[in-house]
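# Observations on chain architecture
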Amino acid sequence: MKYCFSGTGNSQWVADKLEGLIADKEDMFGMIFPVYAWGLPKVVEAYLKEHIEDIKRANYVYAVMTCGDDIGYADKILNDVLEGKLDAVFSVHMPNTYVCLPGFDVDKDEVAHRKAKETLSRLPEIAETIKRREKKTDVCRGGMPWIKTHVLRPLFNKYLLTDKYFFTTKACTHCKKCVKGCPLENITMDEQRNVVWKHENCTGCLRCFHRCKENVIQFGRFTKNKGQNIHDFDR
Ligand SMILES: Cc1cc2nc3c(=O)[nH]c(=O)nc-3n(C[C@H](O)[C@H](O)[C@H](O)COP(=O)(O)O)c2cc1C
């Protein structure tokens, strides 16, 4: 696999399992990442655009997208970004990580484990498809995919893809785990040891929220009492 982005670890877990099943040939370009708001995380889109010439040189391009429920037309957005080079695309279910709006929470433990187990059982077939270099689209679009990707997604990106609502509660122990863990290096600590989101390049992955050991990171009012995605799927 040439590229993996994972916010809270779901996509990394799938990437590790899939890599155990296929050794990519040099002329392939494989990628794994999560679906955000029925499209691509902005950091993924930026990476792919930056590396488009390398990707276009590959003889077989495949993508596996992890999602909590459904992807809308994220695969079509991806194919557009890849200038039509996508040969095979799969979506697999993993535990939900989006918790920032009312009604959205992490999955119950049993649901989370069921999703991971079902995904694990699909991976050998996905790996065989890739090894045979088949052209394939095997994704879960869900209902009203066009509205989700072309109406709700732009609204989400405009109003909710921001780090300005993050804060830590008084229980913060200043352990710096969020600072060190942010994949975009978008979190720092000021002189008073307050955690500060830099408003630079947050991609909305919520790693800071889910990985905080003390569970003191909040996003506005709606993450209060929401769960964290901290499952160990290998147990
Ligand atoms: C900002 C954000 C937006 C999301 N949007 C969707 C979505 O549109 N559809 C979906 O099924 N899951 C959505 N999810 C859930 C993630 O795609 C899913 O939990 C994924 O496996 C997370 O992978 P990761 O742990 O590698 O970041 C979203 C999660 C986040 C944080």
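Residues numbered from 1 in each chain as written. Predicted model: local features only at pLDDT ≥ 70, side-chain atom pairs only at ≥ 80, totals over all residues. Heavy atoms only, no water.

### Some thoughts on helix α5 (residues 109-131)
Note: α-helices contain 3.6 residues per turn, so residues at a spacing of three or four share the same orientation. For α5, with 23 residues, the first-to-last C-alpha span of 33 Å sits near the 33 Å given by 1.5 Å per residue. Residues A112, H113, K115, A116, T119, L123, I126, A127, T129 and I130 constitute the buried set of α5. Tucked into the core, α5 has its buried residues touching α1 (10-19), β2 (28-34), β3 (60-67), β4 (88-93) and β5 (136-138). R133 occupies a position one or two residues after α5 and carries a positive phi of about 55°. (Helix = DSSP H or I, 4+ residues; strand = E, 2+ residues; numbered from the N terminus. Expected span 1.5 Å × (residues − 1). Buried < 20%, exposed > 50% of the residue type's maximum accessible area, 1.4 Å probe, protein only. Contact = heavy atoms within 4.5 Å.)

### Notes on the site of the ligand
The environment of the ligand is made up of 25 residues, and the closest members are S6, T8, S11, D69 and P95. Here T66 contributes a side-chain N or O atom positioned 2.8 Å from an oxygen atom of the ligand. Protein chains shield 96% of the accessible area of the ligand, which is 650 Å² for the free molecule. Most atoms of the ligand, that is more than half of them, are within 2 Å of grid points of the largest pocket. (Near = heavy atom within 4 Å. Polar contact = N/O pair within 3.5 Å; in protein donor to acceptor, adjacent residues only side chain to side chain. Areas by Shrake-Rupley, 256 points an atom, 1.4 Å probe, with all protein chains shown as cover. 1 Å grid on protein atoms, 1.4 Å probe; cavity = no way out; pocket = protein on both sides within 12 Å on 5 of 7 lines; lining within 4 Å. Sits in = over half its atoms within 2 Å of the grid points.)

### Here we look at the sheet that holds β3
Spatially, five strands are ordered β1-β2-β3-β4-β5 in an open sheet, and the strand pairing comes out parallel. Of all the strands in the sheet, the pair left with one neighbour each is β1 (3-4) and β5. Inspection of the sheet shows β1 paired to β2 by two bridges, in the parallel sense. Counted as the bridge partner of Y3 is M31 from β2. Most of the contacts of α5 go to β4, to which it runs at about 165°, and overall it touches β2, β3, β4 and β5. (Pairing = 2+ DSSP bridges. Axes fitted to C-alpha atoms, helices over the stretch in contact; angles between N-to-C directions.)

### A closer look at the domain arrangement of the chain
For the chain, the assigned domains read domain 1 (3-155) and domain 2 (166-219). Of note, the centres of domain 1 and domain 2, computed from C-alpha atoms alone, are 26 Å apart. Listed as interface residues are 14 residues of domain 1 and, on the opposing side, 13 residues of domain 2. Summing the contributions of domain 1 and of domain 2, the shared interface buries around 1,000 Å²; its carbon and sulfur component is 64%. (Domains from an automatic or database assignment. Buried area = accessible area lost by both parts, 1.4 Å probe.)

### Re the layout of surface pockets
In this structure, the largest pocket encloses a volume near 790 Å³. Lining the largest pocket are 41 residues, with V35, Y36, A37, N96 and Y98 positioned closest to its centre. Elements that contribute at least two residues to the lining of the largest pocket include exactly α1, α2 (42-50), β3 and α6 (145-159). Of the residues forming the lining of the largest pocket, the biggest block, six residues, is contributed by α6. Of the residues assigned to the lining of the largest pocket, the class counts are 21 nonpolar, 13 polar and seven charged. Looking at which domains feed residues into the lining of the largest pocket, each of domain 1 (3-155) and domain 2 (166-219) supplies at least three. (Points joined across faces, edges and corners; volume = space filled by probe spheres on them. Nonpolar A, V, L, I, M, F, W, Y, C, P; charged D, E, K, R; others polar.)

### Here we look at the pattern of salt bridges
Overall, the coordinates contain 13 salt bridges when judged by the stated rule. For K131, the salt bridge identified is with E128, shortest N-O distance 3.2 Å. Of the two residues, K131 and E128 both sit in helix α5, three residues apart, roughly one turn of that helix. Looking at K131, the relative accessible area reads 44%, which means it is partly exposed. Between E134 and R132 there is a salt bridge; the shortest N-O distance is 2.6 Å. On the accessibility criterion, E134 (27% relative accessible area) is partly exposed. (Salt bridge = Lys/Arg side-chain N within 4 Å of Asp/Glu carboxyl O.)

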